[in-house]
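Residue-level listing of the chains:
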Amino acid sequence: MKILVINCGSSSLKYQLFDMDNEKMIAKGNCERIGVDGKIGGSTADGRKFEYEVPFENHTKAFLEVKKVLTEGDAKVIDDLSEIAAVGHRIVQGGALFNESVLVTEEVIKGIESLCDLAPLHNPAHIQGIRACVDVFGKELPQVVVFDNAFHSTMPPEAYMFPIPYEYYEKYQVRRYGFHGTSHRFVSARCAEVMGKDIKDLKIVTCHLGNGSSITAVKGGKCVDTSMGLTPLDGFIMGTRCGAVDPSVITFLQEKEGWSPAQTSEILNKKSGILGVSGISSDDRDVTAAENEGNERAHLARSIMKYQVRKVIGSYVAAMDGVDAIVFTGGIGENTTDLRADVCKNLTYLGVELDEAANEVMRRGKEGEISLPSSKVRVFVLPTNEELVIARDTKAIVEAL
């Protein structure tokens, strides 16, 4: 069975085609600048690559180009679209309506649409992607939606409720939802596999660290707390997002600077975080290079991130009354050795002992343990695979039809 996995943004469409008989990726790519001008690039599992400019008026045009590269030309991997059994879509916000992956129906689309206020940059784009997929593939092809926050739906009320007047939860569903759920779900399950234990017997802290970052407490295979909140802005410092700050900082600056709600969101989401503190870049590689050259603000930005990561880990150890394993994943988590070393060396109270040699080589897609055999808590670097989770859910739902 071949499954096409789609992740639509407002001006982008990322795809991966999987052969679910062996769970191997066949081809992947990205349509960029939809509605502006357009570019597509990608590769196949056997190493063929392509990139060229092509105008994308909308997501339907992008899907047509994906169809073309999959079935024609030098990067062809299938003879006909009929070889694709189903399409799985990543949906950022399922709110309290959806706590598991579901088959796409008009009712489901309306449900996703009703949550657009909670994810105004993401959910409208996902709906465009679903409808565009129908235009190109037809109504007969099953489509499945996999929600980014579904894994976090097991949080207890004391973890997901904000201590504001309860009426705003009742009126607007203002609460903690969490994101990166497919990633946390994948790496926590993979961690249990690698440890050779039943996940129901484990307490795991999963750290998804990238341009957007979140940390999750996974107890017995279920999320009991996570750092992102109503939106992906909450938590700790990220590439351009501030994470949690004193709310009075925001109201103070709104008064002083005259920010509108839209300007406030722009500054907190796109001009803060590592970029805002360093003044250099939101990319950890650029900031690390500047830090190595002696830039003090770059050093401060990275120090804040290291400090906040270990602080959140500590709070989740308290939430679960212990921890068996800590997992690093995501672009930064999988590749930034000095951050992992700093975090681990400041968790000695838990009995964490870092294998420095293993830590240094565990990069660029490598999977393995970076703690010493004597460490009371095991620490792993596990590359995430959110697309495979989406493909697995899609396959299971389609096979049950």
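Residues numbered from 1 in each chain as written. Predicted model: local features only at pLDDT ≥ 70, side-chain atom pairs only at ≥ 80, totals over all residues. Heavy atoms only, no water.

S.K.: Hey, could you run me through the sheet that holds strand β14 (residues 378–381) in this one?
M.R.: Spatially, β11-β10-β9-β12-β14-β13 is the arrangement adopted by the 6 strands of the open sheet, whose pairing is mixed. Looking at strand neighbours, the two that pair on one side only are β11 (222–226) and β13 (368–369), the edges of this open sheet. In the sheet, strand β10 (residues 214–219) pairs with β11 via 4 bridges, with the strands oriented antiparallel. Considered in β11, the bridge of Ala217 is made with Asp225. (Pairing = 2+ DSSP bridges. Helix = DSSP H or I, 4+ residues; strand = E, 2+ residues; numbered from the N terminus.)

S.K.: Got a minute to help me understand the pattern of salt bridges in this structure?
M.R.: For side chains of opposite charge, pairing can occur when their charged atoms come near one another. Counting across every chain of the model gives 22 salt bridges. A salt bridge links Lys76 to Asp79; the shortest N-O distance between them is 3.0 Å. One salt bridge in this structure joins Arg190 and Glu193, with 2.9 Å as the shortest N-O distance. Linking Arg190 with Glu193, this pair stays in helix α6 (residues 181–195), spanning 3 residues, or about one helical turn. Of the residues examined, Arg190 reaches a relative accessible area of 24% and is grouped as partly exposed. Bridged by salt links that share partners, the residues Asp284, Glu291, Arg302, Lys306 and Asp338 form one connected network. (Salt bridge = Lys/Arg side-chain N within 4 Å of Asp/Glu carboxyl O. Buried < 20%, exposed > 50% of the residue type's maximum accessible area, 1.4 Å probe, protein only.)

S.K.: Explain the pairing of β14 to me, please; I cannot follow it from the model alone.
M.R.: Each regular strand shows side chains that alternate between the opposite faces of the sheet. Two elements, strand β12 (residues 325–329) and β14, share 4 bridges in a ladder whose sense is parallel. Its bridge partner being in β14, Ile326 is matched across the sheet by Val379.

S.K.: Looking at this structure, I do not really get the sheet that holds strand β7 (residues 102–103). What am I missing?
M.R.: Whether parallel or antiparallel, the strands of a sheet pair through hydrogen bonds between backbone atoms. Across the sheet, which stays open at both edges, the 8 strands sit in the order β5-β4-β3-β2-β1-β6-β8-β7 with mixed pairing between neighbours. A single partner strand is all that each edge strand has here, and the edge strands are β5 (49–53) and β7. Packing against the sheet, helix α3 (residues 123–137) makes contact with β1 (2–8), β6 (84–91) and β8 (143–147), and its axis sits at approximately 165 degrees to β6. In the packing of helix α15 (residues 386–399) onto the sheet, contacts are made with β1, β2 (13–19), β6, β7 and β8, and the angle to β6 comes to roughly 125 degrees. (Contact = heavy atoms within 4.5 Å. Axes fitted to C-alpha atoms, helices over the stretch in contact; angles between N-to-C directions.)

S.K.: Help me understand the packing of aromatic side chains in this model?
M.R.: Here a ring pair, both rings aromatic, is described through the centre-centre distance and the interplanar angle of the planes. Evaluation of the coordinates by the stated rule reveals 6 aromatic pairs. Between Phe63 and Phe137, the ring centres sit 6.0 Å apart and the planes meet at 90 degrees, which makes this aromatic pair edge-to-face. With Phe63 in helix α1 (residues 59–71) and Phe137 in helix α3, this residue pair connects regions lying 74 residues apart in the sequence. For the pair Phe63 and Phe137, one class covers both residues: buried. For the pair Tyr160 and Tyr169, a centre-to-centre distance of 6.5 Å together with 35 degrees between the ring planes defines the contact as tilted. Each residue in the set Tyr160, Tyr166 and Tyr169 is aromatic and connected to the rest through ring pairs, giving one cluster. A cation over a ring is seen here: Arg175 above Tyr160, with NZ or CZ 3.7 Å from the ring centre. (Phe/Tyr/Trp six-rings, centres within 6.5 Å; stacked < 30°, edge-to-face > 60°. Lys NZ or Arg CZ within 6 Å of the ring centre and 35° of its normal.)

S.K.: Is there a simple way to think about α15 in this case?
M.R.: One full turn of an α-helix is made of 3.6 residues, so residues set three or four places apart face in the same direction. Between its first and last C-alpha atoms α15 spans 20 Å; for 14 residues at 1.5 Å apiece the expected length is 20 Å, and the two agree. Among all positions of α15, only Glu386, Leu388, Val389, Ile390, Ala391, Asp393, Thr394, Ile397 and Val398 are buried. (Expected span 1.5 Å × (residues − 1).)

S.K.: Would you mind going over α3 with me for this structure?
M.R.: Across its 15 residues, α3 extends 21 Å between first and last C-alpha, which sits within 8% of the 21 Å expected from 1.5 Å per residue. What α3 keeps buried is the set Asn123, Ala125, His126, Ile127, Gly129, Ile130, Ala132, Cys133, Val136 and Phe137. In this fold, the buried residues of α3 make contact with β1, α1, β6, α2 (106–114) and β8.

S.K.: I tried to follow the packing of α2 against α3 on my own but got confused; where do I start?
M.R.: Helix-helix packing is characterised by the crossing angle of the two axes and by the distance between the axes. Where α2 meets α3, the axes come as close as 9 Å, and the angle between the chain directions of the two elements is 160 degrees. Overall, the two elements α2 and α3 adopt an arrangement that is roughly antiparallel. Once α2 is placed against α3, the crossing between them reads as left-handed. Two secondary-structure elements touch here, α2 through Glu106, Ile109, Ile112 and Glu113 and α3 through Asn123, Ile127, Ile130 and Arg131. Residues that form the contact of α2 with α3 fall into these classes: 4 nonpolar, 1 polar and 3 charged. (Parallel < 35°, antiparallel > 145°, perpendicular 65-115°, else oblique. Left-handed = near helix turned anticlockwise from the far one by under 90°. Nonpolar A, V, L, I, M, F, W, Y, C, P; charged D, E, K, R; others polar.)

S.K.: It is not clear to me how a nonpolar patch on the surface should be interpreted in this structure. Could you clarify?
M.R.: A cluster of nonpolar side chains, contributed by Ile164, Tyr168 and Tyr172, occupies part of the molecular surface with about 290 Å² of accessible area. Of note, Tyr172 is situated in helix α5 (residues 167–172). (Patch = residues over 30% accessible without salt bridge, like charges linked within 9 Å, V, L, I, M, F, W, Y side chains within 5 Å. Areas by Shrake-Rupley, 256 points an atom, 1.4 Å probe, with all protein chains shown as cover.)

S.K.: Could you clarify how one ought to interpret the side chain of Thr394 in this entry?
M.R.: With respect to the element layout, Thr394 can be found in helix α15. Take Thr394: its relative accessible area is 0%, and that puts it in the buried class. In contact with Thr394, other than residues within four places in its own chain, are Ile3, Ala86, Val87, Gly88 and Val144.

S.K.: Just to check I follow, could you spell out the environment of Gly47 for this structure?
M.R.: The residue Gly47 is located in the loop between β4 (39–44) and β5 in this model. Gly47 sits 28 residues away from Ala75 along the chain, and the two C-alpha atoms are 9.3 Å apart.

S.K.: What is the right way to read the state of the cysteines from this model?
M.R.: By definition, a disulfide links the sulfur atoms of two cysteine residues through a covalent bond. What the rule picks out here adds up to 0 disulfides. Between Cys116, a cysteine without a disulfide, and Cys8, which holds the nearest cysteine sulfur, the sulfur-to-sulfur distance is 14 Å. Cys116 sits in the buried class, given a relative accessible area of 16%. The closest cysteine sulfur to the non-disulfide-bonded Cys344 is located on Cys207, 9.1 Å from its own sulfur. Look at Cys344 and you get buried, because its relative accessible area is 2%. (Disulfide = S-S within 2.5 Å.)

By themselves, these are just geometric observations and shouldn't be taken as functional.
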